[in-house]
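Spelled out, the chains give:
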Amino acid sequence: GHLKDGANEVTVSYDGKLSVPVMLETREWKSKGRGAGMKSRAPGLSLKRTAPGKAQVGEPVEVTLTVNADRKGRLVQVTDSIPSNMTIDKKSVEKLALEEKVATYKITDDAVTFLIPEVSEEVVLTYKLIATREGTSQHAGATAKLRFDTKLQPASAVGNEMVVSL
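Note that the coordinates shown come from a computational prediction; the quantities given were computed from them, not determined experimentally. (Residues numbered from 1 in each chain as written. Predicted model: local features only at pLDDT ≥ 70, side-chain atom pairs only at ≥ 80, totals over all residues. Heavy atoms only, no water.)

Peer 1: Explain the overall build of the protein chain residue by residue, including any values.
Peer 2: Summing up its helical and strand segments, the protein chain has 1 helix and 14 strands in all. Looking at the 166 residues of the protein chain, the share that counts as buried comes to 33%. Looking at the protein chain alone, contacts between residues at least 24 apart form 72% of all its contacts between residues at least 6 apart. (Helix = DSSP H or I, 4+ residues; strand = E, 2+ residues; numbered from the N terminus. Buried < 20%, exposed > 50% of the residue type's maximum accessible area, 1.4 Å probe, protein only. Contact = heavy atoms within 4.5 Å.)

Now the structure itself:
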């Protein structure tokens, strides 16, 4: 069969067995007379989060957030959740501000938020978390959005499981 404009549904199931984070991107398909093609989506941000899945108590782990934009975006707010068995390495976050990769940042008990002055090409933010206690936690994910504007669609990245051992 063929797809019909506005009459299709996609269901995604997840059994929890993937060993790496997955990002699902959806696009609207629009037929155009005899031919068919992708309908342009609104310009947006994209976000990728990478971090190891294992650590030892007291050990720092590196987290990398990669932000891209389809066109220039000012004041991009990126929020990354902090797993329950981790704490932020404040020096690594301060380094991002000193290097002027971020204009400012805010650390709370469960997240760190960065404000990037401008994204017109790929921006890579790398900071560290420190494993604080043994156990397994599921990272809640990360988000990127324009702070005061809606010209670019927001983005999110799926978190990964973190296993901390002694």
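Now, onward.
Peer 1: Explain the pairing of strand S10 (residues 123-131) to me, using residue names and the numbers behind them.
Peer 2: Side chains Val123, Leu125, Tyr127, Leu129 and Ala131 of S10 all project onto a buried face; the interleaved residues Val124, Thr126, Lys128 and Ile130 project onto a face where none is buried. Bridge count for strand S5 (residues 60-69) against S10 is 8 bridges, and the pairing is antiparallel. Bridge assignment links Leu65 to a residue of S10, and that residue is Leu125. With 3 bridges connecting them, strand S7 (residues 86-88) and S10 associate as antiparallel partners. Each residue of the ladder has a partner; that of Thr87, found in S10, is Ile130. (Pairing = 2+ DSSP bridges.)

Peer 1: Tell me about the packing of aromatic side chains, residues and numbers included.
Peer 2: For the structure on display, the rule yields 1 aromatic pair. Ring geometry for Phe114 versus Tyr127: centroids 5.6 Å apart, planes at 55°, classification tilted. On the criterion of sequence distance, the pair formed by Phe114 in strand S9 (residues 111-119) and Tyr127 in strand S10 is long-range, its members being 13 residues apart. When sorted by exposure, Phe114 lands in the same class as Tyr127, which is buried. (Phe/Tyr/Trp six-rings, centres within 6.5 Å; stacked < 30°, edge-to-face > 60°.)

Peer 1: Which residues make up the nonpolar core, and what values go with them?
Peer 2: Soluble globular proteins tend to bury their nonpolar side chains together. The biggest cluster of nonpolar side chains holds 33 residues, and the ones touching the most others in it are Leu47, Phe114, Ile116 and Tyr127. What Tyr127 contacts, discounting residues up to four positions off in sequence, is Val61, Glu62, Val63, Leu65, Asp80, Ile88, Ser92, Val93, Leu96, Val112 and Phe114. (Core = buried A, V, L, I, M, F, W, Y, C linked by side-chain atoms within 4.5 Å.)

Peer 1: So what's going on with the sheet that holds S10? Residues and values would help.
Peer 2: Here 4 strands make up an open sheet; going across it, the order is S3-S5-S10-S7 and the pairing antiparallel. Across the chains shown, the open sheet's two edge strands, defined by having one partner strand only, are strand S3 (45-50) and S7. Between one strand axis and the next, the sheet turns through 30° on average, direction left out of account. Examined bridge by bridge, S3 and S5 share 6 bridges and lie antiparallel to one another. Among the inter-strand pairings, Leu45 is bridged to a residue of S5, identified as Ala69. Packed on one face of the sheet, helix H1 (residues 90-98) meets S7 and S10 and runs near 165° to S10. (Axes fitted to C-alpha atoms, helices over the stretch in contact; angles between N-to-C directions.)

Peer 1: Give me the confidence of the model for the protein chain: which residues, what numbers.
Peer 2: Of all residues in the protein chain, 75% have pLDDT values of 70 or greater, and the mean over the chain is 82. Model confidence for the protein chain, summarised as mean pLDDT per element, is weakest for strand S2 (residues 35-38) at 46 and strongest for H1 at 97. The low-confidence segment residues 27-31 (pLDDT under 50) makes 13 contacts with residues lying over four places distant or belonging to another chain. Within the model, the stretch residues 33-40 combines pLDDT values under 50 with 11 contacts to residues more than four positions away or in other chains. (pLDDT = per-residue confidence, 0-100.)

Peer 1: Can you explain the side chain of Thr64? Please cite residues and give values.
Peer 2: Considering the arrangement of structural elements, one finds Thr64 in strand S5. Since its relative accessible area comes to 16%, Thr64 is described here as buried. Dropping the residues within four chain positions of it, Thr64 is found in contact with Lys48, Arg49, Thr50, Val124, Leu125 and Thr126.

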